[in-house]
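Residue-level structural notes
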Amino acid sequence: MLYILALNYVRPLEEVKAHLDPHRQWLAKHIGAGRILAAGPNEDKSGGLVLASCGSRSELDDMIADDPFVAHRLVAVSVQGFEPALRAEALAQRWASAAAVVAVRAA
């Protein structure tokens, strides 16, 4: 299952920045474990998004609870899970094995 996590800052940016390095370490740990596929800040710097792949919601919840931003109550997290029905050829099959590939042909 793929999950989109929206992290919205609920504390002043100065407090968030004080925990940015541990948050980045958390991201790197879960990227290395194959659970986080992509992450980055929102365009307006109000928070960030994480694209995750976890075997269960329980695994995802454990991962989220380990985030320093969550532990220090700096963010509100909303989660949307989905099973891809379509995918670009470039998206690895392991993250969307049931999705039909939409091939794009050069014009």
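Structural notes, computed from the coordinates.

**Focus on the overall build of the protein chain**
From N to C terminus, the protein chain includes four helices and six strands. At a minimum sequence separation of 6, the contacts of the protein chain that also span at least 24 residues come to 62%. Carbon and sulfur atoms make up 54% of the accessible area of the protein chain, which amounts to about 6800 Å² in all. Distance from the positive charge centre (11 side chains) to the negative charge centre (12 side chains) of the protein chain: 3 Å.

**Thoughts on the pairing of strand 2 (residues 36–41)**
Judged from the five bridges that link them, strand 2 and strand 3 (residues 47–53) form a sheet pairing that is antiparallel. Note that in strand 3 the partner of Ala-38 across the bridge is Leu-51. The hairpin formed by strand 2 and strand 3 contains five residues between the paired strands, and Lys-45 there has a positive phi angle of roughly 60°.

**Examining the layout of surface pockets**
Unfilled space is identified by rolling a water-sized probe across the atoms. Roughly 170 Å³ of internal volume is contained in the largest pocket. Lining the largest pocket are 14 residues, and of these His-23, Leu-27, Gly-40, Pro-41 and Gly-48 sit closest to its centre. Breaking the lining of the largest pocket down by element, the ones donating at least two residues are strand 1 (2–9), helix 2 (20–32), strand 2 and strand 3. Among the residues forming the lining of the largest pocket, the class breakdown is nine nonpolar, four polar and one charged.

**A closer look at the nonpolar core**
Within the largest apolar cluster, 16 residues are counted, with the highest numbers of intra-cluster contacts made by Leu-5 and Leu-60. Elements with a minimum of two residues in this core: strand 1, helix 2, strand 3 and helix 3 (57–65). Setting aside chain neighbours within four positions, we find Leu-5 in contact with Gly-48, Leu-49, Val-50, Ala-52, Leu-60, Ile-64, Ser-78 and Val-79.

**A closer look at the packing of aromatic side chains**
Evaluation of the coordinates by the stated rule reveals one aromatic pair. Plain terms: the ring middles of Tyr-9 and Phe-69 are 6.2 Å apart, the flat faces sit at 80° to each other, and that makes the pair edge-to-face. With Tyr-9 in strand 1 and Phe-69 in helix 4 (residues 68–71), this pair connects stretches of sequence that are 60 residues apart.

Parameters at a glance
- Residues numbered from 1 in each chain as written.
- Predicted model: local features only at pLDDT ≥ 70, side-chain atom pairs only at ≥ 80, totals over all residues.
- Heavy atoms only, no water.
- Helix = DSSP H or I, 4+ residues; strand = E, 2+ residues; numbered from the N terminus.
- Contact = heavy atoms within 4.5 Å.
- Areas by Shrake-Rupley, 256 points an atom, 1.4 Å probe, with all protein chains shown as cover.
- Lys, Arg positive; Asp, Glu negative; His and termini not counted.
- Charge placed at Lys NZ, Arg CZ, Asp CG, Glu CD.
- Pairing = 2+ DSSP bridges.
- 1 Å grid on protein atoms, 1.4 Å probe; cavity = no way out; pocket = protein on both sides within 12 Å on 5 of 7 lines; lining within 4 Å.
- Points joined across faces, edges and corners; volume = space filled by probe spheres on them.
- Nonpolar A, V, L, I, M, F, W, Y, C, P; charged D, E, K, R; others polar.
- Core = buried A, V, L, I, M, F, W, Y, C linked by side-chain atoms within 4.5 Å.
- Buried < 20%, exposed > 50% of the residue type's maximum accessible area, 1.4 Å probe, protein only.
- Phe/Tyr/Trp six-rings, centres within 6.5 Å; stacked < 30°, edge-to-face > 60°.

Any functional reading would require information beyond the geometric quantities listed.
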